[in-house]
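# Notes for the structure review
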Amino acid sequence: MVASPDNNAADGRTEEQKAIDEWLPITSSRNAKWWYSAFHNVTAMVGAGVLGLPYAMSELGWGPGVTVMVVSWVITLYTLWQMVEMHEMVPGKRFDRYHELGQHVFGNKLGLWIVVPQQLVVEVGLDIVYMVTGGKSFQKIHDLVCKDNCKDIKLTYYIMIFASVHFVLSHLPNFNAISGVSLVAAIMSLSYCTIAWGASIDKGVQPDVEYEYRAENTGEGIFNFFSGLGEVAFAYAGHNVVLEIQATIPSTPEKPSKGPMWKGVLVAYIIVALCYFPVAIIGYWIFGNSVSDNILISLEKPTWLIVLANAFVVIHIIGSYQLYAIPVFDMLETYLVKKLKFKPTWYLRFMTRNLYVAFTMFVGIIFPFFGGLLGFFGGFAFAPTTYFLPCIMWLSIYKPKRWGLSWTSNWICIIVGVMLTVLAPIGGLRTIIIQAKDYNFFS
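Residues numbered from 1 in each chain as written. Predicted model: local features only at pLDDT ≥ 70, side-chain atom pairs only at ≥ 80, totals over all residues. Heavy atoms only, no water.

As recorded in an unreviewed UniProt entry, the chain goes by Lysine histidine transporter 1-like and comes from Nicotiana tabacum. In UniProt, the chain has this text filed under Subcellular location (unreviewed entry): "Cell membrane". Turning to the chain, the UniProt annotation filed under Sequence similarities (unreviewed entry) states: "Belongs to the amino acid/polyamine transporter 2 family. Amino acid/auxin permease (AAAP) (TC 2.A.18.2) subfamily." (UniProt positions renumbered as here; feature names shortened; annotations may be inferred.)

### Some details on the packing of aromatic side chains
Scanning the model with the defined rule gives 13 aromatic pairs in all. With a centroid separation of 5.5 Å and an interplanar angle of 85 degrees, the aromatic rings of phenylalanine 329 and tyrosine 356 are classed as edge-to-face. With phenylalanine 329 in helix α14 (residues 303-339) and tyrosine 356 in helix α15 (residues 346-366), this pair connects stretches of sequence that are 27 residues apart. A residue is classified by how much of its surface remains accessible, and phenylalanine 329, at 0% relative accessible area, is buried. Ring pairing ties together the aromatic residues Tyr78, Trp81, Trp394 and Tyr398, which thus form one cluster. Geometry around tryptophan 23 places arginine 349 over its ring, the cationic atom sitting 4.2 Å from the centre. (Phe/Tyr/Trp six-rings, centres within 6.5 Å; stacked < 30°, edge-to-face > 60°. Helix = DSSP H or I, 4+ residues; strand = E, 2+ residues; numbered from the N terminus. Buried < 20%, exposed > 50% of the residue type's maximum accessible area, 1.4 Å probe, protein only. Lys NZ or Arg CZ within 6 Å of the ring centre and 35° of its normal.)

### Quick look at α14
An ideal rise of 1.5 Å per residue puts 54 Å on 37 residues; α14 measures up with 53 Å between its terminal C-alpha atoms. Of all the bends in α14, the greatest reaches close to 30 degrees and is centred on alanine 325; the proline proline 327 follows between one and four positions later. Taken across its 37 residues, α14 has 28 buried, putting it largely inside the fold. Downstream of α14 by one or two residues, lysine 341 has phi in the positive range, about 65 degrees. (Expected span 1.5 Å × (residues − 1). Bend = angle between axes of the 7 residues up to and from the residue.)

### Concerning the side chain of arginine 94
Note that arginine 94 resides in the loop between α5 (62-86) and α6 (98-106). A distance of 3.2 Å separates polar atoms of two side chains, one belonging to arginine 94 and the other to histidine 87. (Polar contact = N/O pair within 3.5 Å; in protein donor to acceptor, adjacent residues only side chain to side chain.)

### Thoughts on the nonpolar core
Ranked by internal contacts, the top residues of the largest apolar core, which has 120 residues, are Val46, Val50, Tyr192, Tyr236, Tyr276 and Ile295. For this core, the leading source of residues is α14, giving 16 residues. Apart from residues lying up to four places away in sequence, tyrosine 236 is in contact with Met45, Met69, Ser72, Trp73, Thr76, Tyr269, Val272, Tyr276, Thr386 and Tyr387. (Core = buried A, V, L, I, M, F, W, Y, C linked by side-chain atoms within 4.5 Å. Contact = heavy atoms within 4.5 Å.)

### Quick look at unusual backbone geometry
Although it is not a glycine, lysine 341 sits at a positive phi angle of roughly 65 degrees. By secondary structure assignment, the location of lysine 341 is in the loop between α14 and α15. One non-glycine residue, tryptophan 403, adopts positive backbone phi at about 70 degrees. With respect to the helices and strands, the residue tryptophan 403 is situated in the loop between α16 (370-398) and α17 (405-436). Overall, tryptophan 403 belongs to the exposed group, its relative accessible area being 66%.

### Describing the pattern of salt bridges
In this structure the tally under the stated criterion is 9 salt bridges. A salt bridge links glutamate 100 to arginine 97, with the shortest nitrogen-to-oxygen separation between them at 2.8 Å. Judged by relative accessible area, arginine 97 falls into the buried class, the value being 5%. Across the pair glutamate 333 and arginine 353 runs a salt bridge, and its minimum N-O distance is 2.9 Å. With glutamate 333 in helix α14 and arginine 353 in helix α15, this residue pair connects regions lying 20 residues apart in the sequence. Looking at glutamate 333, the relative accessible area reads 0%, which means it is buried. Since its relative accessible area comes to 0%, arginine 353 is described here as buried. (Salt bridge = Lys/Arg side-chain N within 4 Å of Asp/Glu carboxyl O.)

Rendered as structure tokens:
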């Protein structure tokens, strides 16, 4: 674990270790302000998932849908607070990475095996989905602007265009270096969410709107319900980078980083609520069970506004992609430099990051099943790292009184999270299988 460079008395690192830590993305800069935390968290949280929330509502129904949305917001805010608190619970140390906290709780080897695979699935999975979303948004812009006498272009090429941006941006060294990108992305997220629900209201409730479950039979309805749970879980994924974001904030014994970090988180969660609930509820109210798995696809007019919204989506997920890529870069570069003893050079970073962007692009081209990916990833890895892993760590470290408020709250979160982890991937995987039947690779 990395001792805080803000606390020199507790810093037992060698000069070589300090040099490596100053090169690695997560620990290279610790001068962030509390508002950096706010827009980083908005960018991390409000992503592709918000556009799928009306579709998730159509799979869950009014009562269960609103309940799952509210419960998820409350639980994830609570578990995020726990992670902020645990960042500096050991005097003189900062758990700058999710897996470092896991190693403290579960032991060096077990902690890595518990946290790293799940965190990688979330972060790499999100970047793959963002590749698909970016490509589809580009395609939507082209189709709306150029309706006549324009040649159809394969989704594959749009994904490649989106990826080309990241072959450049991925070489920004750390979180503070992408703070400008992240701020613009956070503004874009609030903008396109407002357009999504505002344009929906302007369109008005559709004459043939239905709120019955879209399934043709009970079995299909159950699978859709499971998938809807995963899509909601997918929307709350910011926990996977919260410790890494907090690592960029300066900290002293008198002024620990948890103060400004928590202020930023609260502001971010208010913005998240302003984005999520209007989009989910109004989108479902207007379109019912005929809503697309991306609400902007259901909206066709006014054309200029929907083009603008899709452009905002592209700009936003450019920032989101980078926010989730930086912890992956940190893991890869840490392994190469600390384990395999490569020298921390610009060309090592150049090769590593370009290969990662190419990988996410290639997988996104092969599997562009947007709704199914949301449900599958949402349950498989997002629920553990967001809903209940922080609670298990909290119980293990602080050992609250049995049946007390803290103990009971954490166990409720654990039960809800485990149910999501088990049920959501079933629906998501089924959706992928169904959509894959009619899909031609590299189309």
